[in-house]
Amino acid sequence: MLGTQLTALHDGALPGVDEAVDLIAGFDDALVNGFARLGEERTAALVALAGAVGGTPLGPAAAEAAEKIGAGSISEEHLTTLAGARTALFGAVHDALLDRLDSALGRTRAAWEGAQPQSTDPLAGACRSWLAELAITGWRGVDHDLASAADQAIQNLLAEPRLRRLAMLLDGLAAELRASSPIGAMARLPARRWADLWARASLLTKTGSLEATERVSGRLLPLGVDIHEHGTAAQIQIHAILEPQGRLVRTSVAAAKVDTISGPFVWQLLSSYPVLLGALAKRLSLEITDMPLLPGGDLLWQEGKASSGPSSDPFAAARVQLSGASAPAVPPLERHPVRIAEPVFIEGYRSDGHTLQLDGASLAFDLDRLPTSGPLTPQLLKASTACIGLMRWDGGQWRLQPLAVQANVKKELLAVHNGDWAQGPTDQKVLKSYAKAGDPVAVLKERAGRLLRK
Amino acid sequence: MNAERPACEQLSGARVLSPVQPRKLAKVPFVEMAEGRLQGVVSSGSDIERVYVSSIIAGTHGYNCSTNNNRPCGGLRGAPCKHLWSLVEEAVLQYGLERVARYLRLEGDSAASLMHNLSGGPESIPAAVVFSRFLRHLAYLELPDTSEPIAELHWFPSLGAVS
Ligand SMILES: [Zn+2]
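Residues numbered from 1 in each chain as written. Chains lettered and ligands numbered in written order. Predicted model: local features only at pLDDT ≥ 70, side-chain atom pairs only at ≥ 80, totals over all residues. Heavy atoms only, no water.

Points about the coordination of the zinc ion
Residues and elements named next belong to chain B.
- Those donors, Cys65 (SG), Cys73 (SG), Cys81 (SG) and His83 (ND1), are the protein atoms that reach the zinc ion, and they lie 2.1 to 2.4 Å from it.
- Of note, the donors binding the zinc ion are all from one chain and are spaced C-x7-C-x7-C-x1-H.
- Under the relative-accessibility criterion, Cys73 is labelled buried at 6%.
- Cys81 sits in the buried class, given a relative accessible area of 3%. (Donors = N, O, S within 2.8 Å, 3.2 Å for Na, K, Ca; no water. Buried < 20%, exposed > 50% of the residue type's maximum accessible area, 1.4 Å probe, protein only.)

Structure below.
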């Protein structure tokens, strides 16, 4: 990414985005107080949200839902419809942002050609009634009992692999609500976030998994790894260029866990993927054969269809191949700003550890997305001069989530990657504290083996 | 561009929970603040097959300790046993003193002083409920992993250093 591209990214407001975000904020405020006690102003906010999708196929249903809910007649169907309207608005915001980013970068993106299957799973339906209860009560009214009311339903979801997305989402939301209860006593509520999670879950209760649309072969050049984690889930998502096609792809593996397993220990949960983790730790390319690819650009990773390839320096790949690589389409349901995670490469900047400066343009680092499972630190960002990262947008701002940096440490140019510890920490200090903490994965698996099968 | 950090109300990625601090799990594999209690499971020092279920009620500070088969703990003679001490010590490591003290509504500047200020007495608390929550906790590690992309986890960045 060049200074001129960074300037182009920030050049002028995006038409309609502020207005859409205001409408969403009105909906989120109604959800804070609960749909059972809307009052005139908040009813108007729901009507306005419905009005904004008036020209779409969702329009008539959304208008009816807003009217009925305003009149105190609240059904799950109406709530899901409004969740859909909020999602559609954020979808438009997402499209405007991604368009701007793509044109600033000169990146070409494939058109969506997949299909989004529907689902009517009764296990998911059980969670929909909890989501409705939350909306009727409002976040401010949530107490420990309501926050925990779906625990059993979520356990049932977790047991069903094809419902894993909804299960991990709801488990994360429920944990936040439990820990925050009674929420009425909280000074500040994460209104946007919880409304996002609520709306996303509402729609996921009705949608099925995407199906692979093609099988691909070739050489993967990893760019970096993004790490996601909450108390009971961890996911690593590798961004890579597939050669010789020159396509940007992602591949992920996710595992369930418990809160006492975190930081560098999450890699151990994924030890059944030695080829993938080995490529990260040793900076290797990967040869893949007939790997299923989802229409959104996600490879469904199968160790049996992959093998380690020759060394591949992510910085070389990013420097040479990234700017010409083509990007995948975004699945309709995933069109939300939080899902924007576009790989970019920036070099020759000056950094104070918080913000980088390049040719008069500036970009903040996303320090909230700097995991403890890897060696990147704010100090390294400060000493860095080149970065492979993901462009993120939240709260009205673009930020750069670092996946790897080149930094001057003691007069030496070091390359440091998020995935460096994929097969165990390489830093002596971390190794020592790692050893001191014992091995939580092994301890808990031993306990599970002994106690669960009685 | 405004350089100010946006308010937490407007952030999709707002951080709600602090990461739990790493601790050794061998002695106390499970601690939680739930159902109005600080409760957990403490491994027996002598028998690898046995665990103790220890709990302290928030507010009233009644406490109990028994084996997972509901046999009363021999160490519980009018005063908290060593398992309850371990429970509080590990809870303070995992969640921090302030959070534990606030939840229990107890004063103290260390795990030991929390224990000294524990004013309640032995009270009947069903071990089976806590134990089954521990088993459910362990069952997470038995769930199969997946290579289906969980797009929803973009809302949950790995909990790193607080900026
Ligand atoms: Zn005891």
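What about the pattern of salt bridges?
- Summed over the entire model, instances satisfying the criterion amount to 39 salt bridges over all chains.
- We note a salt bridge from Glu334(A) to Arg339(A), for which the minimum N-O separation is 2.8 Å. Considered together, Glu334(A) and Arg339(A) belong to a single accessibility category, that of buried residues.
- One salt bridge in this structure joins Arg23(B) and Glu90(B), with 3.0 Å as the shortest N-O distance. Of this pair, Arg23(B) sits in the segment before strand E1 (30-34) while Glu90(B) sits in helix H1 (residues 82-95), and the two are 67 residues apart along the sequence.
- When its relative accessible area of 5% is taken as the criterion, Arg23(B) is described as buried. (Salt bridge = Lys/Arg side-chain N within 4 Å of Asp/Glu carboxyl O. Helix = DSSP H or I, 4+ residues; strand = E, 2+ residues; numbered from the N terminus.)

Brief notes about the packing of helix H9 (residues 164-180) of chain A against helix H10 (residues 191-204) of chain A
All names here are of chain A.
- Orientation of H9 relative to H10, taken along the N-to-C sense of each, is 145 degrees, at an axis distance of 10 Å. For the crossing formed where H9 meets H10, the hand is left-handed. Contacts between H9 and H10 involve Arg165, Leu166, Leu169, Leu170, Leu173, Glu176, Leu177 and Ser180 from the former and Arg193, Trp194, Leu197, Arg200, Ala201 and Leu204 from the latter.
- Taken together, the residues of the contact of H9 with H10 break down into 9 nonpolar, 1 polar and 4 charged. (Axes fitted to C-alpha atoms, helices over the stretch in contact; angles between N-to-C directions. Left-handed = near helix turned anticlockwise from the far one by under 90°. Contact = heavy atoms within 4.5 Å. Nonpolar A, V, L, I, M, F, W, Y, C, P; charged D, E, K, R; others polar.)

A few points about helix H11 (residues 274-282) of chain A
Residue and element names in this part refer to chain A.
- For H11, every residue scored as buried is listed here: Val275, Leu276, Leu277, Gly278, Ala279 and Leu280.
- Looking at the packing, one finds that the buried side of H11 touches strand E1 (214-230), strand E2 (233-243), strand E3 (247-256), strand E4 (284-293) and strand E6 (306-311).
- Trailing H11 by a residue or two, Arg283 shows a phi angle of about 55 degrees, which is positive.

Section: the nonpolar core
- Counting residues in each nonpolar core, the largest one holds 155 residues, and the members touching the most others are Phe35(A), Trp139(A), Trp198(A), Ile236(A) and Trp301(A).
- Here the element with the most residues in this core is helix H5 (residues 76-105) of chain A; it accounts for 12 residues.
- Setting aside residues no more than four positions away along its own chain, Ile236(A) makes contact with Val225(A), Asp226(A), Ile227(A), Thr251(A), Ser252(A), Val253(A), Trp267(A), Leu270(A), Leu276(A), Leu277(A) and Leu280(A).
- In terms of nonpolar packing, the next biggest core, distinct from the first, is built from 28 residues, Tyr52(B), Ala58(B), Val92(B) and Ala101(B) among them. (Core = buried A, V, L, I, M, F, W, Y, C linked by side-chain atoms within 4.5 Å.)

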